[in-house]
Amino acid sequence: MGPPGGDGDIMNHLLGVILNLLPALVVFGVLIMVHELGHFIACRLSKVKVEKFSIGFGPELFHWQAGETRFSLSVLPLGGFVNPAGQEASKIGPEGPKPGDFLAASVGSRMFIIVSGVVMNYVLAFVLFAAVFMLGRPVPGAVVGSFVKDYPAATSGLQVGDKILKVNDVPVADWKGILEGFDKTVTPRIKLAIERKSADGAAKNLVISLTPKVEQTKDIFGKPFTMKRVGIMPDPKAFISEQYAFFPALAKAWELEVFHTVLTHKAIYYLVTGRLSPKNLTGPLGIIQISGQAAQAGLATLLQLMAILSVSLAVINLLPFPALDGGHLIFLLVEAVTRRKVSPVIQEKVATAGFVLLMVLMVFVFYNDFMNMPAFAKLRNFLHLKGG
């Protein structure tokens, strides 16, 4: 007989991963298709022929032919590609590029083709963020759900179920507003206006004052900051919908897109400089798990996750790294400035080296995902117990 929580829990977690696959495939599929569609449309507009449009890598599951383009869906849905005609200099004959070849297009047209995938990811993210704000996204309400031990709220007179109406006379609608009110406090004590309902449903308003603990903590990048805490947690069932009309939703969507663009750049910078551990990287397996959780939380949450991932995909693809769109763009910028094409041999060698590095990174990210999955953590503990 195995240890409690052994084989059964491991199978349950693996089953959970399988059930998370469907929303993850939708997320991956939409992000990849929109990115590659950007390249495809740009090729069409630039009069460059497209030989193949593929979603996924590896052996094809099925395909169809439309004009000169072969459209396919492949086994590994971890990316995709658009293959323009005449893209590789090594395959161009002595007569040079023909009309319709990628290399026959102007530098400006080739730049347009390269950046269009990233542009489409940003457009998708903006549309999804706007849709989320118009549909209404769930955010924690202003209801106290529990207390943290050894913090002032537990002995202040606050009770579970109290609804916080104001922080220092400033109205609040959700938990984010409460936390912002705490941080803006300049007096030693915080005044909370609350609504408390009795067993018969009657409501009464109270005012409670308490002195917060001022703590030094760190954000996700390890940067220290000061935080005022009283020791309350939100009620997990008291969610409210943050919803906006059309034009305010567009403004909020733009604000959120800029925020996640800056955040992604900061994360990359901190990773490169060693201030953020690579163990924080999340790969395809981690995204599968997160997608399943987002789908269970509702459509708005899943759309918001897709929008955030679309921004991340855009930022990463535009990095000046070989084998990424940003790497190709660097070669085209050099060509535009010097009026001379970078040697095809150099481009191919750099692209190959970049691809190898990306594969090494992908292996690390997969390993990281495996080690962070609850099922594998339990498996490690299970094997440890089996070994005595």
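Above: the structure in question.
These remarks concern the structure in this document. The model shown is predicted, which means the values in this text are computed figures rather than measured ones.

Reading guide: rules and limits
- Positions within a chain are numbered from 1, following the residues in the order the chain's sequence is written.
- Only residues with pLDDT of 70 or above have their local features reported here, since the model is predicted, and side-chain atom pairs are shown and tallied only from 80 upward, although totals for entire chains, interfaces and linings are computed over all residues.
- Note that the side-chain values use all heavy atoms of the structure and ignore hydrogens as well as water.
- Helix numbering and strand numbering both begin at the N terminus, where a helix is a DSSP run of H or I of at least 4 residues and a strand a DSSP run of E of at least 2.
- Burial classes follow relative accessibility: with a 1.4 Å probe on protein chains only, a residue under 20% of its type's maximum area counts as buried, one over 50% as exposed, and anything between as partly exposed.
- Axis definition: a line fitted to C-alpha atoms, limited for helices to the stretch in contact. Angles are taken between N-to-C directions and run from 0 to 180 degrees.
- An angle below 35 degrees is read as roughly parallel, one above 145 as roughly antiparallel, one from 65 to 115 as roughly perpendicular, and any other as oblique.
- Handedness of a crossing follows from how the near helix is turned relative to the far one, being left-handed for an anticlockwise turn of less than a right angle and right-handed for a clockwise one.
- Gly is put with the polar residues, along with every residue not named as nonpolar or charged; the nonpolar set is Ala, Val, Leu, Ile, Met, Phe, Trp, Tyr, Cys and Pro, and the charged set is Asp, Glu, Lys and Arg.
- In this description, strands pair whenever DSSP reports at least two bridges between them.
- Only heavy atoms enter the contact rule, under which two residues are in contact if any of them lie within 4.5 Å.
- One less than the residue count of a helix, multiplied by 1.5 Å, gives the span that helix is expected to have.
- The reported bend at a residue is simply the angle between two axes, fitted to the 7 residues ending at it and to the 7 residues beginning with it.
- Pairing of aromatic rings covers Phe, Tyr and the six-membered ring of Trp, with a centre-to-centre limit of 6.5 Å; geometry is then stacked below 30 degrees between planes, edge-to-face above 60, and tilted otherwise.
- We define a salt bridge as a side-chain nitrogen of Lys or Arg found within 4 Å of a carboxyl oxygen belonging to Asp or Glu.

For lysine 47, which is not glycine, the phi dihedral falls at a positive 60 degrees. Summarising the element assignment, lysine 47 is placed in the loop between helix H1 (7-45) and strand S1 (50-66). Even without a glycine there, the phi angle at arginine 339 is positive, about 65 degrees. What makes arginine 339 exposed here is its relative accessible area of 74%.

Quick look at the packing of helix H2 (residues 107-135) against helix H6 (residues 299-317) now. Two elements in contact, H2 and H6, have axes separated by 8 Å at closest approach and are oriented at 160 degrees. The orientation of H2 relative to H6 falls into the category roughly antiparallel. When the axes of H2 and H6 are compared, the crossing they make is left-handed. Considering only residue class, the contact of H2 with H6 consists of 18 nonpolar, four polar and no charged.

This part covers the sheet that holds strand S6 (residues 170-171). What the four strands build is an open sheet, ordered S6-S5-S7-S8; its pairing is antiparallel. A strand with exactly one partner marks an edge of an open sheet, and here the two such strands are S6 and strand S8 (203-210). Where strand S7 (residues 190-197) lies against S8, eight bridges are found, and the strand directions are antiparallel. Its bridge partner being in S8, alanine 193 is matched across the sheet by valine 207. Packing against the sheet, helix H3 (residues 175-183) makes contact with strand S5 (163-167) and S7, and its axis sits at approximately 40 degrees to S5.

Within the element layout of this structure, valine 350 appears in helix H8 (residues 344-372). Since its relative accessible area comes to 29%, valine 350 is described here as partly exposed. Linking valine 350 and glycine 327, residues 23 residues apart in sequence, is a C-alpha distance of 9.2 Å. In this view, valine 350 contacts Pro322 and Phe331; residues no more than four positions away in its chain are not counted.

Our focus in this paragraph is helix H4 (residues 246-272). Helix length check: H4 (27 residues) gives 39 Å between terminal C-alpha atoms against 39 Å at 1.5 Å per residue, within 8%. Of the positions making up H4, those classed as buried are Ala249, Ala253, Leu256, Glu257, His260, Thr261, Thr264, Ala267 and Tyr270. Contacts from the buried residues of H4 go to H2, strand S3 (137-140) and H6. Of the residues flanking the end of H4, it is glycine 274, one or two places downstream, whose phi is positive at about 80 degrees.

With that settled, the discussion passes to H2. Taking 1.5 Å per residue, 29 residues should reach 42 Å; H2 reaches 42 Å between its end C-alpha atoms and fits that length. Its axis deflected by about 40 degrees at valine 115, H2 carries its strongest bend there. Looking at the residues trailing H2, positive phi occurs at glycine 136, about 100 degrees.

Mapping asparagine 121 onto the fold places it in helix H2. Setting aside residues no more than four positions away along its own chain, asparagine 121 makes contact with Leu31, Val34, His35, Ser310, Leu313 and Ala314.

Attention now moves to the side chain of arginine 110. Relative to the elements of secondary structure, arginine 110 occurs in helix H2. The class for arginine 110 is buried, based on a relative accessible area of 4%. With sequence-adjacent residues up to four places away left out, arginine 110 is seen in contact with Phe102, Leu103, Ala105, Leu332, Glu335 and Lys341.

For any two aromatic rings, the description comes down to two numbers: the centre-to-centre distance and the angle of the planes. For the coordinates displayed, the defined rule picks out nine aromatic pairs. Ring geometry for phenylalanine 53 versus phenylalanine 71: centroids 5.6 Å apart, planes at 35 degrees, classification tilted. You can see phenylalanine 53 sitting in strand S1 and its partner phenylalanine 71 sitting in strand S2 (residues 69-84), a full 18 residues away along the chain. Taking the centre distance of 6.2 Å and the plane angle of 10 degrees together, the rings of phenylalanine 57 and phenylalanine 81 count as stacked. Placement of the pair is phenylalanine 57 in strand S1 and phenylalanine 81 in strand S2, with a sequence separation of 24 residues.

Once that is clear, we can look at the pairing of S7. Sheet topology places S5 next to S7; four bridges connect them, and they run antiparallel. The residue of S7 that forms the bridge with valine 167 is leucine 192. Between S7 and S8, which follow one another and run antiparallel, lie five residues, and glycine 201 among them has a positive phi close to 90 degrees.

Bringing the environment of methionine 233 into the picture now. Assignment of secondary structure puts methionine 233 in strand S11 (residues 232-234). Sequence spacing of methionine 233 and glycine 145 is 88 residues, and the spatial spacing of their C-alpha atoms is 5.5 Å. In contact with methionine 233, other than residues within four places in its own chain, are Val143, Val144, Gly145, Ser146, Val148 and Trp175.

If you walk through the whole model with that rule in mind, you get ten salt bridges. For glutamate 215, the salt bridge identified is with arginine 229, shortest N-O distance 3.5 Å. Of this pair, glutamate 215 sits in strand S9 (residues 213-218) while arginine 229 is found in strand S10 (residues 224-229), placing the two residues 14 residues apart along the sequence. In this structure, glutamate 255 and lysine 252 form a salt bridge, with 3.7 Å as the shortest nitrogen-oxygen distance. On the criterion of helical spacing, the pair formed by glutamate 255 and lysine 252 is a turn pair, its members being three residues apart in helix H4. Several salt bridges share partner residues, and in doing so they unite Lys52, Glu60 and Arg70 into one network.

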